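# Notes for the structure review
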Amino acid sequence: GGLDQLASGLGWASELLGATSQRAAEAAAPASTGGLPLDDEFTPGPAETDEAVRRRYGVGRNLLVRFADDGIDQSSGLARLLQSRFTDEVTGIGGRLDFRKLEGTHVTPNAPRLPSDAEIRRILSAAGMPLDLADAVGGIREVASKAARERETASKTVADFVQSETQKAREG
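Starting from 1, residues in each chain are numbered consecutively following that chain's sequence as written. Per-residue local features of the predicted model are confined to residues with pLDDT of at least 70, and side-chain atom pairs are confined, for both listing and counting, to 80 or more; whole-chain, interface and lining totals are unaffected and use all residues. To get the side-chain values, all heavy atoms of the structure are used, and hydrogens and water are removed first.

As a further point, take the pairing of strand β1 (residues 61-69). Two strands are said to pair when DSSP picks up at least two bridges between them. Only DSSP runs of H or I covering at least 4 residues are called helices, and only runs of E covering at least 2 are called strands; the numbering of each starts at the N terminus. The pairing of β1 with strand β2 (residues 96-105) spans eight bridges and is classified as parallel. In the strand pairing of β2, V65 is matched with R100. The crossover handedness rule: strands pointing away from the viewer, path from first strand over the helix to second strand clockwise, crossover right-handed. Note that the unit made of β1, helix α3 (residues 75-86) and β2 has a crossover that is right-handed.

Where charged atoms of side chains with opposite charge meet at close range, the side chains can pair. Salt bridge criterion: a side-chain nitrogen from Lys or Arg within 4 Å of a carboxyl oxygen from Asp or Glu. Summed over the entire model, instances satisfying the criterion amount to 10 salt bridges. The shortest N-O distance in the salt bridge between R61 and E165 comes to 3.2 Å. Here the residue R61 occupies a position in strand β1, and E165 occupies one in helix α5 (residues 133-171), the gap between them amounting to 104 residues. The partly exposed category is assigned to R61, whose relative accessible area is 37%. The salt bridge partner of D98 is R100, with a shortest N-O separation of 3.9 Å. Think of it in three bands: residues with accessible area under 20% of the maximum for their type are buried, residues over 50% are exposed, and the middle band is partly exposed, with areas taken using a 1.4 Å probe on protein chains only.

With that out of the way, let us pick up the side chain of N62. Within the secondary structure, N62 is located in strand β1. A relative accessible area of 6% means that N62 is categorised as buried. The contact partners of N62, leaving out residues within four places of it in the chain, are Y57, L82, F86, R96, L97, D98 and F161. When checking whether two residues touch, look at their non-hydrogen atoms; a contact exists if any pair is within 4.5 Å.

Moving on, we get to the environment of D88. Mapped onto the elements of the fold, D88 is located in the loop between α3 and β2. At 2.8 Å, the side chain of D88 and the backbone nitrogen of V90 are in polar contact. Definition of a polar contact: a pair of N or O atoms within 3.5 Å, with one able to donate and the other able to accept a hydrogen when the atoms are protein atoms, and with sequence-neighbouring residues admitted only if both atoms are side-chain atoms. Within the structure, D88 has its side chain in polar contact with the backbone nitrogen of T91 (distance 2.8 Å).

Here we take up α3. The span expected for a helix works out to 1.5 Å for each residue beyond the first. Between its terminal C-alpha atoms α3 stretches 16 Å, which fits the 16 Å expected from 12 residues at 1.5 Å a residue. Buried residues along α3 sit in contact with α2 (46-56), β1 and β2.

To continue, consider the confidence of the model for the protein chain. What pLDDT conveys is the predictor's confidence in a given residue, as a value from 0 to 100. Residues at a pLDDT of 70 or more form 71% of the protein chain, whose mean pLDDT is 76. Taken element by element, the protein chain is modelled with least confidence in helix α1 (residues 2-28), mean pLDDT 48, and with most confidence in β1, mean pLDDT 93.

This paragraph deals with the packing of aromatic side chains. The rule is short: rings of Phe, Tyr and Trp, with Trp giving its six-membered ring, pair when the centres are within 6.5 Å, and they are stacked under 30 degrees, edge-to-face over 60, tilted in between. This structure, assessed with the given rule, holds one aromatic pair. For the pair Y57 and F86, a centre-to-centre distance of 6.3 Å together with 75 degrees between the ring planes defines the contact as edge-to-face. Here the residue Y57 occupies a position in the loop between α2 and β1, and F86 occupies one in helix α3, the gap between them amounting to 29 residues. You can call Y57 buried: its relative accessible area is 10%.

Below you can see the structure in the form of structure tokens.
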């Protein structure tokens, strides 16, 4: 039923996100490339993702999140693809697509949590480094706090959507 379809779609999306996250982590990790350029493309690429959605994506209710400062966002094209996949050509009835625009950038979902000032001081002390470096890091705190708020908002948006869809599936 609805819960099985939701679980199947979440599993497929989880696999896709896992592959993308692993690829991003590999691209970001320090590596000796022998002077060769580091391949920083996401896998699967946009064309492969679109093809997978066209052929096997089976969840008709979806949430797309676009970040306000994301110059490489492709959610509009994905929205059109999902709409065409799940909308009946004759009746115009089909799946549901929730589209949210949130503050943030392309990397908002992947931004790491920065340590607190106390954690920074402990790290510096343990490394035998001057504690006044912690004050220099303080200027970064404002930027990090903004990124953390954006990440939390995105996380809550996704969690609320999944909770709402789970409740609807149980009721239906």
